Every structure is written in C-alpha cells, then in structure tokens.
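Chain and residue survey
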Amino acid sequence: MLPFPVRRIREGKAIIFIPDVEVDEPTKAPVFYNPRMKMNRDSAILAVSTLHRRYGRLLSLCEPMCGTGVRGIRLALEAEGVGEVVMGDLNPLAVELAERNINLNGVSNRVRVRLLEANLLLSLHDRPYGRFDYVDVDPFGSPIPFIDSAIRSCRDGGLLALTATDMPPLCGLYPEVCLRRYGGLPLRTDYCHEVALRLLAGSLVREAARHDVAATPLFSYAADHYIRLYALLEEGARKADKRLSDLGYLLHCPNCLHRAASHEYPSSRACPRCGSKMMLGGPLWLGSLSDPDFCSEMLQMARGRMDLDSRLPRIIRLSMEEAALPPTFYHIDVICSRLGLSSLPTELVVSALREAGYRASRTHIHGRGVKTEASIAELEEVLRGIEYER
Ligand SMILES: C[S@@+](CC[C@H](N)C(=O)[O-])C[C@H]1O[C@@H](n2cnc3c(N)ncnc32)[C@H](O)[C@@H]1O
Ligand SMILES: [Zn+2]
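Once a new chain begins, its residue numbering starts again from 1 and follows that chain's sequence as written. Here the convention is simple: chains get letters from A, ligands get numbers from 1, in the order in which they are written. With pLDDT at 70 or above as the cut-off, local features in this predicted model cover only qualifying residues; side-chain atom pairs require 80 or more to be listed or tallied, and sums for whole chains, interfaces and linings still use all residues. Hydrogen atoms and water are omitted, and side-chain values are computed over all heavy atoms in the structure.

Here we take up the coordination of the zinc ion (ligand 2). Octahedral metal centres with six donors ideally show angles of 90 or 180 degrees, and tetrahedral centres with four donors ideally show 109.5 degrees. The rule for donors is simple: an N, O or S atom within 2.8 Å of the metal counts, and for Na, K and Ca the reach is 3.2 Å. Water is not among the atoms, so a site may look short of donors. The zinc ion (ligand 2) binds to the protein through C253 (SG), C256 (SG), C271 (SG) and C274 (SG); the donor distances cover 2.2 to 2.3 Å. Only four donors with every angle between 85 and 135 degrees are called tetrahedral; only four or six donors with opposite donors over 155 degrees apart and all others between 65 and 115 are called square planar or octahedral, in that order; all others are irregular. Coordination at the zinc ion (ligand 2) comes from four donor atoms whose angles at the metal span 101 to 118°, giving a geometry best classed as tetrahedral. A relative accessible area of 0% means that C253 is categorised as buried. To sort residues, take the accessible area from a 1.4 Å probe on protein chains only and compare it with the maximum for the residue type: under 20% means buried, over 50% means exposed, and anything in between is partly exposed.

Here we take up helix 1 (residues 38–55). An α-helical turn contains 3.6 residues, so a residue and the one three or four places further along point in the same direction. Secondary structure elements are taken from DSSP: a helix is a run of H or I of four residues or more, a strand is a run of E of two residues or more, and numbering for both begins at the N terminus. A helix is expected to reach a length of 1.5 Å times the quantity of its residues less one. Counted at 1.5 Å a residue, the expected span for helix 1 with its 18 residues is 26 Å, and the 26 Å between its end C-alpha atoms agrees. Extensive coverage of helix 1 is indicated by the burial of 15 of its 18 residues. One or two positions beyond helix 1, positive phi appears at G56, with a value near 65°.

Taken in spatial order, the seven strands line up as 5-4-3-6-7-9-8 in an open sheet, and their pairing is mixed. The strands lining the two open edges of the sheet, one partner per strand, are strand 5 (111–115) and strand 8 (213–223). Adjacent strand axes in the sheet meet at a mean angle of 15°, parallel and antiparallel pairs treated alike. When DSSP finds at least two bridges between two strands, those strands are taken to pair. Here strand 6 (residues 132–137) runs beside strand 7 (residues 154–164); their pairing, made up of five bridges, is parallel. The angle between two axes is taken between their N-to-C directions and runs from 0 to 180 degrees, where each axis is a line fitted to C-alpha atoms and a helix contributes only its stretch in contact.

This part covers the pattern of salt bridges. For side chains bearing opposite charge, pairing can occur when the charged atoms are close. Counted as salt bridges are all cases of a side-chain nitrogen of Lys or Arg within 4 Å of a carboxyl oxygen of Asp or Glu. Applying the stated criterion across every chain, the model contains 37 salt bridges. Of the charged contacts, one joins R131 and E235 as a salt bridge, the two residues approaching to 3.2 Å between their closest N and O atoms. Remark: E235 occurs in strand 9 (residues 226–235) and R131 occurs in the loop between helix 4 (118–123) and strand 6; sequence separation between them is 104 residues. The exposure class assigned to R131 is buried, which follows from its relative accessible area of 16%. We classify E235 as partly exposed; its relative accessible area is 32%. A salt bridge links R198 to E194, with the shortest nitrogen-to-oxygen separation between them at 2.9 Å. Here the residue R198 and the residue E194 both occupy positions in helix 8 (residues 192–209), the gap between them amounting to four residues, near one helical turn. A relative accessible area of 1% places E194 in the buried class.

For E11, the location among the structural elements is in strand 1 (residues 6–11). Sequence separation between E11 and G183 is 172 residues, and the spatial gap between their C-alpha atoms is 37 Å. Residues count as neighbours in contact if any of their non-hydrogen atoms are within 4.5 Å of one another. Sequence-distant contacts of E11, that is, excluding residues within four places in its chain, are made with Y33, K38, R41, V70, R74 and E78.

Below, the discussion takes up the domain arrangement of the chain. One widely used convention gives an interface's size as the accessible area the parts lose upon coming together. Note: domain ranges come from an automatic or database domain assignment. Each domain of the chain was delimited in the assignment, giving domain 1 (6–244 + 286–295) and domain 2 (329–390). Taken over C-alpha atoms, the centre of domain 1 sits 35 Å from the centre of domain 2. Contacts between the two partners involve nine residues from domain 1 and, on the opposite side, six residues from domain 2. The term buried area means the drop in 1.4 Å probe accessible area that two parts suffer when joined, counted for both and summed. Both faces combined, the contact of domain 1 with domain 2 buries some 610 Å², and carbon together with sulfur accounts for 59% of it. It is D190, Y191 and E194 in domain 1 that bury the most area against domain 2; as a group they hold 69% of the surface buried on that side. At the junction of domain 1 and domain 2, the tally comes to one salt bridge. The residue E194 makes a salt bridge to K371 at a minimum N-O spacing of 2.7 Å. Polar contact is defined as a pair of N or O atoms within 3.5 Å, subject to the rule that within protein one atom must be able to donate a hydrogen and the other to accept it, and that residues adjacent in sequence are counted only when both atoms are side-chain atoms. The interface formed by domain 1 and domain 2 includes two residue pairs in polar contact (both at pLDDT 80 or more). For the side of domain 1 that touches domain 2, the secondary structure elements donating two or more residues are helix 8 and strand 8. The element that contributes the greatest number of residues to the side of domain 1 that touches domain 2 is helix 8, accounting for four residues. Think of it as three bins: nonpolar holds Ala, Val, Leu, Ile, Met, Phe, Trp, Tyr, Cys and Pro, charged holds Asp, Glu, Lys and Arg, and polar takes everything else, Gly as well. Looking at the side of domain 1 that touches domain 2 residue by residue, the class counts come to four nonpolar, two polar and three charged.

Encoded structure:
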C-alpha cells in the first residue's frame, strides 16, 4: 500500500498513477513526476526508434532513475523494437509506484524495476554481463555522477542519453561549480545554453575516452530549464582520440561581442578587435552537437505522431540546420540595439547573411539567435545594410 493518494494521468500511450498531493515543485512529491518533461520523454521515443531502425534488432534499455516509471513504460509502448527495459530508483516509493504502473500498462513481460542506486544498477550490467543498447540518465540536477557507470553499461554502438538541469553552474552563475563538475569553464553570455551543451558533451567525450570509447553527439538540444544530449558510444582508442581532438576553448569579448574557438589553450586573451580582455570558456566540445542523418531519421519517426510535443520537430529540424556552423550564436536584438538599429526579423537576417555569401542558420536555442560563420564586424555590416534598404 502506498502511503499517499494517487490519481491517473495519460501521457502518450501510457496511463500512469502519479502522487495526488499538493506540492510547490515536483521534487517535493513522494515520487517525482514532472509533466513539463514530456518533450524530453518524447525525444527519447524518437531516438530509440531511430536506433532500432539502424540495427534492425530488439533493443535492451535501461532507465536507472525512473521515478513513476513513465519514461520506461512509454518507451516500451511507443518506441519501435524495444525488447526489454530495466528501470531502477533508490526511492522505495518510486519503485512501488513504477511496479503498479508497469502492471496497469500491461508491460510486465518487458519492463521491470529494481530498488537500486543508479551506479550500482548500471555497474551490474558492465561487461561481461548484459550491457544495454540504450541508457537514459535523467537525474535531479547533474548527470555527471552517473556518467562513468552509464558508459560502462552501454554496448559498442549503444546510445547514451543524458539530461542536465543544473543550469545555474552550466550557464556561468557558479563557474567554480561548473569547472569542478564538468571539467570546463562556462561562459555567461547570450549563448550560454549552447556552451552548457558543449560542456556536457565535452565531459562525456573525455569520460568515454578513458575507456577507449568514442562518444559522438547525435542529437542535443536545450529547452525549458534543461539540456539533453544523445550520444553514440563506440569502442576504439583511435576513434576516442579523434573525438578528443574536437575539444577546445571559446573566447568571448564582453565589450565588442567578438568570439573565437580554439583547439589549443589560447596564448592571449586580448580581443583582436577592441583589445579588451576576453572571457574564456572550456575545455568543451567544439564539434557538431547533432548529426543531420540521425536527426532526419528522428524526424521521420515523428511524422503523423500528433501526441508528441509540437515543439520537438522544429527543434530537431533546426538542430540539423545549425549542426555544421560555428559553436556560438549571435543574439540579433542585442547587436541591433548596440548599433542603434530597430529590431530585425530573424529570418531576414539569416537570408541577408546567405545573400552576402556567409553560411547562416537560425538556432533551436533562441528565437532571436543567428548562427553564422560571419564575424561580428561582418554581421554588423549586413545588419546595417538591411536597415539601409528598408
Ligand atoms: C528527475 S527524477 C526522474 C524522472 C523520470 N526519469 C521521468 O522521466 O519521469 C530523478 C529520480 O532519480 C531518483 N534518484 C535520485 N538519485 C538516485 C540514485 N543515486 N540512484 C537511483 N535513483 C536516484 C529519484 O528518486 C527520482 O525518482
Ligand atoms: Zn572586443
């Protein structure tokens, strides 16, 4: 018997019992359930279905921090090719509720839940025991304490999904916490959420390399109050070295907004444009945050699924567009206001940049963000040109 009342909700194809208690935030409930994370779970369904299409065999999944079990149950009901789901939680009430939810949804033949600490559960599935094709780490705050065992419990060619909700350190409010957790410095800038994704990806690439495993981001996004990364894990020392070579630093000038990426530790912090001291971010991942082929397959999976969060297809589409562009973006309003220009539509700026011969795209992270290979000076010239012609 659960020591709290429950009520039923529907999410996707699952019906889930959740605690029926008044709390000011989900973490205070006896078992955690956050309806605002539905899109995060929707994205997991698309990613696992895509993985299945690639391998064409039944997949084994692990969700070591499952709460009500909604994610694992939805994966069993909605993703293609799910053979088994092993869920876990260290909260006995969560495990009991998840068990009830497994039975309610009739998936007890494929989904089970264990009362275990996440690192312990994952370590039980380290080599030579059955490793997983997909591991989904969805903790309170940072996934860092679970990354090592998650990597070890993933098969060669497996997919690791990480959620991070510790945005204040990742976005530069507590740089020392970020350095300690993620091994890199954040940047308190307009594009701090992209830097956050790059710090998480950088951390994963380094952790994986310690095991001669290459981690490659396949789909990453920032939304609401969290970031999410899906990365392919492949065994191989040479490949792991190659990923390490995509780590580096970002320099940002707070005075003129010039920015630069460097694979080496920068020898000077002086801004080449205005001479001010630039801010330093990293080491972090400078490579692509998303793989257009994987994303395009995810998009196909999303087709016709009206029950998915309507923002998700757009996020995936934009991640594909921005994948090959430089590792930061410009905030148009900030730049226009510095130039004394009226605000310009994002699409217009992107097409003007393209007409001027620069690669450019919108970004999923910010509606007023533009990614481009143009320098800040070149962008300013394009913005002035648009204003002049209007
Ligand atoms: C953010 S919630 C998970 C939500 C769930 N994945 C979902 O999609 O609804 C985090 C869960 O991790 C559990 N947890 C926290 N630390 C843990 C640990 N070290 N090992 C296992 N479970 C843990 C908490 O009890 C909580 O249920
Ligand atoms: Zn400068």
